[in-house]
Amino acid sequence: DLTAEPAPPKSQPWEEFIVQSGDNLSLVFKRAGFSDADVYRIVNTAPEGRALERMYPGQSLSFLRDASGELSAVKHTIDRQQTTVYRRMDGGFSSERIVREPELRQSWATAEIESSLFLAGREAGMASNLIMELANILGGVIDYALDPRKGDTMEVLYEELYLDGEKYEDGKIIAASYTNRGERFDAYRYKDSNGMVSY
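Caption draft 1: How the structure looks around unusual backbone geometry. A positive phi angle is found at D164, which is not glycine, with a value near 55°. Considering the arrangement of structural elements, one finds D164 in the loop between β7 (153-163) and β8 (166-180). We note that R181 has phi near 50°; this positive angle belongs to a residue other than glycine. Examined against the element boundaries, R181 turns out to sit in the loop between β8 and β9 (183-188).

Caption draft 2: Representation of the pairing of strand β5 (residues 92-99). Inspection of the sheet shows strand β4 (residues 82-89) paired to β5 by eight bridges, in the antiparallel sense. Directly across from R87, in β5, lies its bridge partner S94. The hairpin turn running from β4 into β5, its antiparallel successor, is two residues long, and G91 in that turn takes a positive phi close to 85°.

Caption draft 3: Layout of the packing of aromatic side chains. For the structure on display, the rule yields three aromatic pairs. Ring centres of F17 and F63 lie 5.7 Å apart, and the angle between their planes is 75°; this geometry places the pair in the edge-to-face category. Taken together, the residues F17 in strand β1 (residues 15-18) and F63 in strand β2 (residues 60-65) connect sequence positions 46 residues apart. Considered together, F17 and F63 belong to a single accessibility category, that of buried residues.

Reading the values: rules and limits
Residues numbered from 1 in each chain as written. Predicted model: local features only at pLDDT ≥ 70, side-chain atom pairs only at ≥ 80, totals over all residues. Heavy atoms only, no water. Helix = DSSP H or I, 4+ residues; strand = E, 2+ residues; numbered from the N terminus. Pairing = 2+ DSSP bridges. Phe/Tyr/Trp six-rings, centres within 6.5 Å; stacked < 30°, edge-to-face > 60°. Buried < 20%, exposed > 50% of the residue type's maximum accessible area, 1.4 Å probe, protein only.

All we've got here are geometric facts, nothing functional implied.
Listed below in structure tokens is the structure:
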């Protein structure tokens, strides 16, 4: 007599709610079907409960119910790197901060100036913040508003941060070289004995 094993109870899926402009914790919990009492319990019993009140539009709150529909856990996705999970336990909620380390990859950009450093950097695939960082690094030796000449060249080695195989954001410039009217300027990133980063 072959009797099938009873299937294990299905774990409930997380229900995600994106924080909208004008939202507060009470409104998001209400949309998810939970009460102000649930909000109070998490904020006042979880070690990092008060941090949950600092939520911003575009972030998300995800909710997990137990078999009876009661609140079991809340996940606050702060950004792609940081998440805090609040789980129900005896007498209140625990909190766990999860920080994901991005994968660092190196990227290389090279360009010849046609009209401006900014446009050359954009054409080489650099983001605006990286071009501004490059201008700051070499600003002591080159006046970018006045000095760049058609035919000047730049080369930049910089970091890119990846999560799940997708580019997350640009990192720091590692090294840069700029040739201005035949004169070459090089800069390298270093950390001094006090831990200060400079070029």
